[in-house]
Amino acid sequence: MHVWSLQILNKLLERAARCIYEMSPKNDEAGPRNYRIHSEYRYLEGGEEVMTPILVASRNGIVEMVEKILQLFPMAIYHQLFPVAGYGHLNIVLMAVENRQSHIYDFLLNSSLLDREVLFHAVDLKGNNALHLAGKLAGDCHLQRIPTSMLQMQWEVKWYQYVQNSLPPHFVVQKNRDGSTPDEIFQMEHQKLEDGSKQWLNSTSNSCSFIAALIATVAFASSASVPGGVKQDTGEPVFGNHLAFSIFAMASLVALCCSVISLLIFLTIFISKDQDKDFTTSLPRNFLFGLTSLFISMAAMLTCFCSGNFLMLKGQLKYAAILVYALTGLLMAYFVLKHFPLFVDLLKATFRKVPERIYKEYL
């Protein structure tokens, strides 16, 4: 469908006539107000909005359509949403920022064919610049595509900082017609999402801390015990020469260390202040490291139990126990794989400059 849509787009643009510009008598160059559009490339009228195709493509994040239209109609970069019902004057940059279309914004930011002074310094009817719109809370259609409220808050903070770093410094202190700066708008609109993110993070950290403490207790008891006992004369383990005993010793050590590390990390998250800037790096990164340590400790604890139990069995029971070990390992692998997409999303969102616009499970 994607390939066919591009083919239809190319056919429609081939049929579209070239832009005919009406040059101003006082200006020899074409400006954003000195043109008209004829033929099939005309305004789309419907509802309370009047948009050109390039604005619709920018709102929906269709980079191929925006790039193709700009190749054939360079002056389309100056198109704006008509001021209807007190709302408008959104150009292609403001439209991409407001609708969280990171691919469109990156394309416009890195394109060398655009007038950055006109595009990125534009404001809407309410005096909101691009950073004001980035500070507003994203719509439900966007937030519903991102799992967990913490990832949603992380996306919003990273998107705001990304737009802020790509604009001049004075945009941060610029006020709209209501007298609000972008930071004030961000704080006001994201307060509810921030509270939900803190609640989710605290409850998850509390649950993971309980599991980590339980594993640490069992791992400490396992590391302090020696399967089969020790020799009375030398004090060496009875099964010291067996491979399973070496696996048992290393697995119990790994389980104890990783569970303690995971417990400390989750306790640190639980008592942290949870400021807005912490949702970009520190909190997600600590949560990611804690979750990784917890998974490693669970796997090491299972390995420790299986290897220690294997030493205590004799004869044919060892081969029967292998089936039980395999079944337990499969159940644990199923649990990990079921929650692995969230782990991957958290990993990508933590180390990417701008998180993905949409996640695969929602396609």
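Note that the coordinates shown come from a computational prediction; the quantities given were computed from them, not determined experimentally.

1. Points about the overall build of the protein
Within the protein, the secondary structure is distributed over 14 helices and two strands. Buried positions account for 41% of the 363 residues belonging to the protein. For the protein, long-range pairs separated by at least 24 residues make up 73% of all intrachain contacts whose partners lie at least 6 apart in sequence. When the accessible surface of the protein is totalled, it reaches about 20300 Å², and 61% of it is carbon and sulfur.

2. Quick word on helix 5 (residues 102-110)
Turning to helix 5, its buried residues are S102, I104, Y105, L108 and L109. All buried residues of helix 5 lie within an arc of 160 degrees about the axis, which places them on one face of the element. Check the buried side of helix 5 and you find it contacts helix 2 (53-60), helix 3 (63-72), helix 4 (92-98), helix 6 (116-119) and helix 9 (149-165).

3. Regarding the confidence of the model for the protein
Residues with a pLDDT of 70 or more make up 80% of the protein, whose mean pLDDT is 78. When pLDDT is averaged over each element of the protein, helix 10 (residues 182-189) comes out on top at 92 and strand 1 (residues 44-46) at the bottom at 41. Low pLDDT, under 50, characterises residues 358-363; the predicted model gives this stretch 14 contacts beyond four residues in sequence or across chains.

4. Some points on a nonpolar patch on the surface
Taken together, F210, I211, L214 and V218 make up a surface patch of nonpolar side chains, about 390 Å² in accessible area. In this structure, L214 sits in helix 11 (residues 191-224).

5. What about the pattern of salt bridges?
If the charged atoms of two oppositely charged side chains come close together, the side chains can form a pair. This structure, assessed with the given rule, holds two salt bridges. When the shortest N-O distance is used, the salt bridge between E156 and R100 registers 2.9 Å. Here R100 lies in the loop between helix 4 and helix 5 and E156 lies in helix 9, a separation of 56 residues in the sequence. Of the charged contacts, one joins K198 and E194 as a salt bridge, the two residues approaching to 3.3 Å between their closest N and O atoms. Of the two residues, K198 and E194 are both situated in helix 11; the distance of four residues between them amounts to about one turn of the helix.

6. Some thoughts on the side chain of S58
With respect to the secondary-structure elements, S58 resides in helix 2. If we skip the residues at most four places from it in the chain, S58 touches V66, I92, M95, A96, Q101 and I104.

7. A few points about the side chain of S222
Tracing the chain through its elements places S222 in helix 11. Apart from the residues lying within four places of it in its own chain, the contact partners of S222 are F248, M301 and C304.

8. Here we look at helix 12 (residues 243-270)
Counted at 1.5 Å a residue, the expected span for helix 12 with its 28 residues is 40 Å, and the 40 Å between its end C-alpha atoms agrees. For helix 12, the elements touching its buried residues are helix 11 and helix 13 (282-312).

9. Observations regarding the packing of helix 1 (residues 2-15) against helix 3
Packed helix pairs are specified by the crossing angle of their axes together with the interaxial distance, meaning the distance between the axes. Two elements in contact, helix 1 and helix 3, have axes whose closest approach is 11 Å; the angle formed by their N-to-C orientations is 20 degrees. Looking at the two axes, helix 1 sits roughly parallel to helix 3. Between helix 1 and helix 3 lies a crossing whose hand is right-handed. Across the interface between the two elements, H2, L6, L9, N10 and L13 of helix 1 pack against E64, M65, K68, I69 and L72 of helix 3. Looking at the contact of helix 1 with helix 3, its residues break down into six nonpolar, two polar and two charged.

Each value, and the rule that gives it
Residues numbered from 1 in each chain as written. Predicted model: local features only at pLDDT ≥ 70, side-chain atom pairs only at ≥ 80, totals over all residues. Heavy atoms only, no water. Helix = DSSP H or I, 4+ residues; strand = E, 2+ residues; numbered from the N terminus. Buried < 20%, exposed > 50% of the residue type's maximum accessible area, 1.4 Å probe, protein only. Contact = heavy atoms within 4.5 Å. Areas by Shrake-Rupley, 256 points an atom, 1.4 Å probe, with all protein chains shown as cover. Arc of directions from axis to C-beta. pLDDT = per-residue confidence, 0-100. Patch = residues over 30% accessible without salt bridge, like charges linked within 9 Å, V, L, I, M, F, W, Y side chains within 5 Å. Salt bridge = Lys/Arg side-chain N within 4 Å of Asp/Glu carboxyl O. Expected span 1.5 Å × (residues − 1). Axes fitted to C-alpha atoms, helices over the stretch in contact; angles between N-to-C directions. Parallel < 35°, antiparallel > 145°, perpendicular 65-115°, else oblique. Left-handed = near helix turned anticlockwise from the far one by under 90°. Nonpolar A, V, L, I, M, F, W, Y, C, P; charged D, E, K, R; others polar.

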